[in-house]
Amino acid sequence: MNIQFKKGALEVCVLSQLYSADKYGYELTEKISTEMDIATGTLYPILKKLKEDDYVTTYLVESESGPARKYYKLTEKGKERRRELLDEWNEFVKAVERIIQ
């Protein structure tokens, strides 16, 4: 898959994954990488930016198999951002489909 396509879609993919449940970084990477090829560290800059913009919050959960895991939780502002991005994405896909047909 084209890297530019992925770049534009990853934010809405992350927000959508967090919409269904809180997840930790590696879990998000694993979930998204089942559908598209992404490197292990790809999502962390996105998660950092989402936290800076108050779209997600974080909390730690102790793990029996190692250090505590940082979980990401969608905020109300993040839910609204997801809705906006989904609307924009759907409009974009429709426009591309009209152009290429």
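Here's a quick rundown of the structure. (Residues numbered from 1 in each chain as written. Predicted model: local features only at pLDDT ≥ 70, side-chain atom pairs only at ≥ 80, totals over all residues. Heavy atoms only, no water.)

## Description of unusual backbone geometry
Argument step 1. At D54, a position not held by glycine, the phi torsion is positive, near 65°.
Argument step 2. Within the secondary structure, D54 is located in the loop between α3 (43-52) and β2 (56-63).
Argument step 3. Classification of D54 by relative accessible area gives partly exposed; the value is 46%. (Helix = DSSP H or I, 4+ residues; strand = E, 2+ residues; numbered from the N terminus. Buried < 20%, exposed > 50% of the residue type's maximum accessible area, 1.4 Å probe, protein only.)

## Some thoughts on the nonpolar core
Argument step 1. Counting residues in each nonpolar core, the largest one holds 18 residues, and the members touching the most others are L10, V14, L18, I32, L43 and L50.
Argument step 2. At the level of elements, α1 (3-20), α2 (25-33), α3 and β3 (66-74) are the ones that each hand at least two residues to this core.
Argument step 3. When residues in this core are grouped by element, the largest group, five residues, is from α1.
Argument step 4. Other than its neighbours up to four places away in sequence, L10 contacts I32, M36, I38, T42, L43 and I46. (Core = buried A, V, L, I, M, F, W, Y, C linked by side-chain atoms within 4.5 Å. Contact = heavy atoms within 4.5 Å.)

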